[in-house]
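The residues making up each chain are set out below.
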Amino acid sequence: MKLFKGPPITYTFELETPDTLTPGVPISGTLTYIAESDIKAKHLKIGLYGVDYCFWAEGSGKDRRTYSNKIDLVNEEFEIWSGSNGESVLLKGQYTYRFSFKPIPSGCPPSFQHTNSHIWYKIEARLAISWGVDGVGERVLTLLPDLKFLSEESQKLARTHQVVKTPGCCCCASGVVESTIALSADSQSLVFPGSSSVVKIDVNNNSKRDAKFMPLELVERITLTSSGGRHRKISKTIKAFEIPDNQTITPGRSFSAKIDCSGYFDSLSTVNGKALAKNYYLALTTTVSCALSSEAKIELFCLPNNNAGGAVVSQPQSQNQVPIQSNAFSGV
């Protein structure tokens, strides 16, 4: 079997704007492409693309099922060169094309990679070849979280969550256990390094059974959503906050405490994708007689210090000119 090799073409992208950016920033620059020999091709296009993509598998053998979802976030392209009658020859030589794309829209999720799922943005040049491998070069962009969008969305998050449980069944109900978690008055649902994040917890045991609460947990949750609406949630505890005087609450007693969670959000970042999302919440779990448990939780939006009061986090350094060979291409 003959393996087709990409055409002899090299691309160099020179950006006039940083390749680490936020929504709303215009994207422009220059593409230089060098045809090392005459190339028979259909056309050459350059485009700005963004994809929100997830993939996972469940089961094994005959029961194995795969789920996926692909959402186009950005898709803007221009034709640089085209052959007559559908196909022609791109002559050997060096060519330059200045490009300019519309800003990535507000609300687009930031760049993110998780196992087989990802959110990415890139500028791509593609020379279309009939019956062969296209000549592809790309420049990957890093999109930071949208501060304005997440700030507006955070206003919709509940600041308080109360869970009421009744131990026992209908015939032997023994009162209720109330668990409440709430942000303090000077704390916000949108958190970043330096922000105040104080949480107040209250547990009232009005039942006839003992109640015990677990440490307050800061949890990261990644959610994958297939095109058919199936969800897969992956959670892990980032930090467990020990509660002062953590003890069993006997019937008729209550407990209150304030926990300072500030300083634990420096490297956390919310991802608001539809196929691939990442969010955070604080959870208080209460157990009654080792049989009945309940979880009160409040969701938080996290921003890295790229967006915190002008502070800048260190970003990977990249050169403005990056030559990419045509056979170094990738796809979803």
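All of these numbers come straight from a predicted model, not from anything done at the bench.

Conventions adopted
- Residues numbered from 1 in each chain as written.
- Predicted model: local features only at pLDDT ≥ 70, side-chain atom pairs only at ≥ 80, totals over all residues.
- Heavy atoms only, no water.
- Buried < 20%, exposed > 50% of the residue type's maximum accessible area, 1.4 Å probe, protein only.
- Helix = DSSP H or I, 4+ residues; strand = E, 2+ residues; numbered from the N terminus.
- Pairing = 2+ DSSP bridges.
- pLDDT = per-residue confidence, 0-100.
- Contact = heavy atoms within 4.5 Å.
- Phe/Tyr/Trp six-rings, centres within 6.5 Å; stacked < 30°, edge-to-face > 60°.
- Lys NZ or Arg CZ within 6 Å of the ring centre and 35° of its normal.

With that settled, consider the pairing of strand E11 (residues 135-143). Judged by how many residues are buried, E11 sits mostly within the fold: seven of nine residues are covered. Here strand E2 (residues 20-21) runs beside E11; their pairing, made up of two bridges, is parallel. Within the sheet, the bridge partner assigned to Thr 20 lies in E11 and is Thr 142. Sheet topology note: the strand E10 (residues 117-128)/E11 ladder contains seven bridges and is antiparallel. Looking across to E11, one finds that Ala 125 is bridged to Gly 137. Two successive antiparallel strands, E10 and E11, enclose a turn made up of six residues, where Trp 131 displays a positive phi of approximately 55°.

A word on the environment of Thr 115. Positionally, Thr 115 belongs in the loop between strand E9 (112-114) and E10. Among the residues examined, Thr 115 registers a relative accessible area of 62% and is labelled exposed. For the pair formed by Thr 115 and Cys 54, sequence separation is 61 residues and the distance between their alpha carbons is 9.1 Å.

Turning our attention to the confidence of the model for the protein. Segments scoring low in pLDDT should not have their predicted coordinates read at a detailed level. Within the protein, residue pLDDT values average 85, and 84% of them lie at 70 or more. Across residues 307-332, where pLDDT falls below 50, the model places 55 contacts with residues more than four positions away in sequence or in other chains.

Following the criterion strictly, the structure yields six aromatic pairs and no others. Summarising the aromatic geometry, the rings of Trp 56 and Tyr 67 are spaced 5.4 Å apart at their centres and angled 25° between planes, so their arrangement reads as stacked. Taken together, the residues span a long stretch of sequence, with Trp 56 in strand E5 (residues 43-58) and Tyr 67 in strand E6 (residues 65-82) at a distance of 11 residues. For Trp 56, a relative accessible area of 2% corresponds to the buried category. Residues Phe 241 and Tyr 264 carry aromatic rings whose centres are separated by 5.1 Å and whose planes lie at 90° to one another, so their mutual orientation is edge-to-face. Here Phe 241 is found in strand E18 (residues 231-241), whereas its partner Tyr 264 is found in the loop between strand E20 (254-260) and strand E21 (271-272), with 23 residues between them in sequence. An aromatic cluster is built from Phe 78, Phe 99 and Phe 101, whose rings are joined through pairwise contacts. Directly above the ring of Trp 120 sits Lys 122, whose terminal nitrogen or CZ lies 4.6 Å from the centroid. It is Lys 297 that lies over the ring of Tyr 281; its NZ or CZ is 4.6 Å from the centre.

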